[in-house]
Amino acid sequence: MDEKPFRASLGSRASDMSSPEDIRNLWTRATLSQPKLNGPWSSVGEDSDMEGSSVGSKSRPWYNQKARGDSDGIWEEWDIREDKDSFKQEDLDKPSLLELELSRARSLGSRLEEQDGDSKESKTDTEMSSSESSLNISKHTPHRAYWMEQQNRLPLPLMDLMENEALEILTKALRSYRSGIGRDHFLTKQLQRYIEGLRRRRNKRLRLLMH
Amino acid sequence: MKAMMKLKQGSFLWYLYLDKLYCLLSVRNVKALLEYFHLLDVHRNNTLNDVLFYHFLHHVTSWNRTQIMIVFNMLDWNAMGEIGFDQFYMLVCILLAQQNHLEEQFIFRHSRPVFELLDLDGALRIGAENFHMYNFLFNIKKEDLRELYHDFDITGDRRLNYKEFKLFTIFTMDKYQERQKAEKEKGKKDLLKKKKLHHVNVTLKQFFGTNVSENRL
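Residues numbered from 1 in each chain as written. Chains lettered and ligands numbered in written order. Predicted model: local features only at pLDDT ≥ 70, side-chain atom pairs only at ≥ 80, totals over all residues. Heavy atoms only, no water.

As recorded in an unreviewed UniProt entry, chain B goes by EF-hand calcium-binding domain-containing protein 9 and comes from Enhydra lutris kenyoni.

Going by the annotation in an unreviewed UniProt entry, the name recorded for chain A is Cation channel sperm-associated protein subunit zeta, with Enhydra lutris kenyoni given as the source organism.

The structure is reproduced here in structure tokens:
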């Protein structure tokens, strides 16, 4: 079983770059993206970019496994952004895509209303129901995109558990690096910087949770 | 070296589980595992070196340094000094199979990769010393090992080729299934007995207000 190189998905990035207002510019930096989302998300994107960057490579291929009745197991490598079905949506006209988004936003908005009675969301819902310009829609779609993304990401408690555990493991590894190759070795410094970045992210998240 | 391996309670791996039929992770679990792997991939090589690998296994399992390095050398089949995600995934499946007592099923379902792992020198044959070395991974008991070489070494060269090994896995799997069936039957009988007793007690209570002990039944 040879190692297969991790191949970044560049094809979808190329298409993303051609439409800078496309939400995919932001979400493709994370592990998953919603190709159907549109609109400027610059402020939301900054946050997700920061989160994604400290973890590592932003576009990682997925591994799909086929082991049906095959005792050897076969691995296939595929990239979700190259899924042809999802790209067929790009052929739809923009207005019809927008309508899809509107209906999704309505359903999302009503769900959120029930859950936290957020006045902003109800405002979103009210605004969506009336005929509005795309500019108005784009003001409120950051919230929609955020929740859509949340549905596809790993749950935050799980991410928290993973990061805490990784921090413990890497802190011990750092001691081994220092004793083995010295404090000044570039690998030791790289590990140290990585651990600091991970700690900063964790503290930031904890502070947000407290507030 | 023969102590049962236990995953650290509350660790990330502890929350994962194998599909009981194919002894593999679900896609959702693989996604989470990939994210975890990338958290540990400090140097952005899509690999873990021996130090990171050691500290990871030391943190989540009860294995000692010797066992961990044996596993590392086994998985580093390209002799790169690093472990990629393929090997990491295989390791996690082995750990989970041990944790959930699915070793026989795992070896049966993945006999080829397991054989290739045990075949250290690439001779397409496994000697008894290979099994001894990796006993802690697959929990093969001494008696089973003796039986294995006695019954399945058809060629008589005191080593197992893949076909002989596959026969062994089929045989072990049959024994495992019979054991499961017997346990299930026993469980059903006990449940039936309890139900009968309960029913009789309810009836007797209604008429006489007394209980019947199990012995009388």
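Observations regarding the overall build of chain B
Our working definition: Comment: elements are numbered from the N terminus, with helices defined as DSSP H or I runs of at least four residues and strands as E runs of at least two. Residue contacts are counted whenever heavy atoms from the two residues lie within 4.5 Å of one another. Computed with a 1.4 Å probe, the accessible areas rest on the Shrake-Rupley method; for each residue, only the protein chains presented here act as cover.
For chain B, the count of helices and strands is ten helices and four strands. Put simply, chain B runs from its N terminus to its C terminus through helices and strands in the order α-β-α-α-β-α-α-α-β-α-α-α-β-α. In chain B, of all internal contacts separated by at least 6 residues, the share reaching a separation of at least 24 is 60%. In the form shown here, chain B has an accessible surface area of approximately 11,600 Å², with 54% of it arising from carbon and sulfur atoms.

Quick look at the overall build of chain A
This is how the line gets drawn: Remark: exposure states derive from per-residue accessible area (1.4 Å probe, protein chains only) relative to the maximum for the residue type, with buried under 20%, exposed over 50%, and partly exposed in between.
Each helix and strand counted, chain A has nine helices and two strands in total. Ordering the α and β elements of chain A from the N terminus gives α-α-α-β-β-α-α-α-α-α-α. Taken over 211 residues, chain A has a buried fraction of 36%. In chain A, the proportion of contacts linking residues at least 24 apart, taken out of those at least 6 apart, comes to 52%. Accessible surface, chain A as shown: approximately 12,300 Å² in total, 53% of it carbon and sulfur.

Here we look at helix H9 (residues 186–210) of chain A
For an α-helix the count is 3.6 residues per turn, leaving residues at separations of three or four pointing the same way. Applied cut-off: The span one expects for a helix is its residue count, reduced by one, times 1.5 Å.
For H9 of chain A, spanning 25 residues, the distance from its first C-alpha to its last is 36 Å, which sits close to the expected 36 Å at 1.5 Å a residue. For H9 of chain A, the full list of buried residues reads Thr188, Leu191, Tyr194, Ile195, Gly197, Leu198, Arg201 and Arg205 of chain A.

Structural notes on the packing of helix H6 (residues 111–118) of chain B against helix H10 (residues 162–207) of chain B
Residues and elements named next belong to chain B. Keep this limit in mind: All axes are obtained by fitting lines to C-alpha atoms, using only the stretch in contact for helices, and the reported angles, taken between N-to-C directions, cover 0 to 180 degrees. Should an angle fall under 35 degrees it is called roughly parallel, over 145 degrees roughly antiparallel, and 65 to 115 degrees roughly perpendicular, with every other angle called oblique. Less than a right angle of anticlockwise turn of the near helix away from the far helix marks a crossing as left-handed, whereas a clockwise turn marks it as right-handed. We call Asp, Glu, Lys and Arg charged. Ala, Val, Leu, Ile, Met, Phe, Trp, Tyr, Cys and Pro are nonpolar, and the rest, Gly among them, are polar.
Their axes nearest at 10 Å, the elements H6 and H10 cross at an angle of 125°. With respect to each other, H6 and H10 are oriented oblique. In the packing of H6 onto H10, the handedness of the crossing is right-handed. Between H6 and H10, the contacting residues are Ser111, Arg112, Val114, Phe115 and Leu118 on the first element and Tyr162, Phe165, Lys166 and Thr169 on the second. Across the contact of H6 with H10, the residue classes break down as five nonpolar, two polar and two charged.

Re a nonpolar patch on the surface
The test is simple: Exposure above 30% relative accessible area and the lack of any salt bridge qualify a residue for a patch; like charges then connect within 9 Å, and the nonpolar side chains Val, Leu, Ile, Met, Phe, Trp and Tyr within 5 Å. Between Lys or Arg on one side and Asp or Glu on the other, a salt bridge is scored when a side-chain nitrogen of the former is within 4 Å of a carboxyl oxygen of the latter.
Together, Ile154, Leu167 and Ile170 of chain B make up a nonpolar patch on the protein surface, roughly 270 Å² of accessible area in all. Along the chain, Ile154 of chain B turns up in the loop between helix H9 (142–152) and strand S4 (159–160).

Details of H6 of chain B
Of all eight residues in H6 of chain B, six are buried, a share of seventy percent or more. Those residues of H6 of chain B that sit buried are Ser111, Pro113, Val114, Phe115, Leu117 and Leu118 of chain B.

Details of the packing of aromatic side chains
Residues and elements named next belong to chain B. Cut-off, in case you're wondering: The aromatic pairing rule takes the rings of Phe, Tyr and Trp, using the six-membered ring of Trp, and pairs them if the centres are within 6.5 Å, calling planes under 30 degrees apart stacked, those over 60 edge-to-face and the rest tilted. The rule is short: NZ of Lys or CZ of Arg within 6 Å of the ring centre and within 35 degrees of the ring normal puts a charge over the ring.
Summed over all chains, the structure comprises 13 aromatic pairs over all chains. Measuring from centroid to centroid gives 5.3 Å for Trp63 and Phe136, while their planes differ by 90°, and the two rings are edge-to-face. Of this pair, Trp63 sits in the loop between helix H2 (50–60) and helix H3 (65–75) while Phe136 sits in helix H8 (residues 135–138), placing them 73 residues apart in sequence. We note that Trp63, like Phe136, is buried. Judged by centre distance (5.5 Å) and plane angle (75°), the ring pair of Phe115 and Tyr162 falls under edge-to-face. With a gap of 47 residues between them, Phe115 in helix H6 and Tyr162 in helix H10 connect regions that are remote in the sequence. Comparing Phe115 with Tyr162, the two get one shared label, buried. In this structure, Arg65 packs its charged tip against the face of Tyr54, placed 4.1 Å from the ring centre.

Quick look at the packing of helix H1 (residues 27–40) of chain B against helix H4 (residues 85–99) of chain B
Residue and element names in this part refer to chain B. At a minimum axis distance of 11 Å, the contact between H1 and H4 shows a crossing angle of 120°. Looking at the two axes, H1 sits oblique to H4. Handedness of the crossing formed by H1 with H4: right-handed. The segment H1 lies against H4, with Val30, Leu33, Leu34, Tyr36 and Phe37 engaging Phe85, Phe88, Tyr89 and Val92. Its residues assigned to classes, the contact of H1 with H4 shows nine nonpolar, no polar and no charged.

Structural notes on the pattern of salt bridges
Considering all chains together, one arrives at six salt bridges over all chains under this definition. Between Glu163 of chain A and Arg205 of chain A there is a salt bridge, with its nearest N and O atoms 2.8 Å apart. Residue Glu163 of chain A is located in helix H8 (residues 156–181), and its partner Arg205 of chain A is located in helix H9; the two are separated by 42 residues in the primary sequence. Arg179 of chain B is the partner of Glu104 of chain B in a salt bridge, and the nearest nitrogen-oxygen pair spans 3.0 Å. Of the two residues, Glu104 of chain B sits in helix H5 (residues 103–109) while Arg179 of chain B sits in helix H10, which places them 75 residues apart along the sequence. One salt-bridge network, held together by shared partners, links Asp160, Glu163, Arg201 and Arg205 of chain A.

A few points about the environment of Phe115 of chain B
All names here are of chain B. Residue Phe115 is classed as buried on the basis of its relative accessible area of 1%. C-alpha of Phe115 to C-alpha of Asn161: the two residues are 46 residues apart in sequence and 8.8 Å apart in space. Setting aside anything within four residues of it in sequence, one finds Phe115 in contact with Leu124, Arg125, Ile126, Leu160, Asn161, Tyr162 and Phe165.

As for the environment of Leu34 of chain B
All names here are of chain B. With respect to the secondary-structure elements, Leu34 resides in helix H1. Leu34 gets classed as buried once you look at its relative accessible area, which sits at 10%. For Leu34 and Phe88, which are 54 residues apart along the polypeptide, the C-alpha to C-alpha distance reads 9.4 Å.

Some words on the confidence of the model for chain A
Residues and elements named next belong to chain A. Operational definition: Per-residue confidence from the predictor is reported as pLDDT, which spans 0 to 100.
On average, residues of chain A score 59 in pLDDT, and 30% of them are at 70 or above. Between the elements of chain A, mean pLDDT differs from a low of 38, seen in strand S1 (residues 62–66), to a high of 93, seen in H8. Every residue in residues 1–98 is under pLDDT 50, and counting partners more than four places away or in other chains gives 188 contacts. Per-residue pLDDT stays below 50 along residues 112–118; that stretch engages in five contacts with residues further than four places along the chain or on separate chains.

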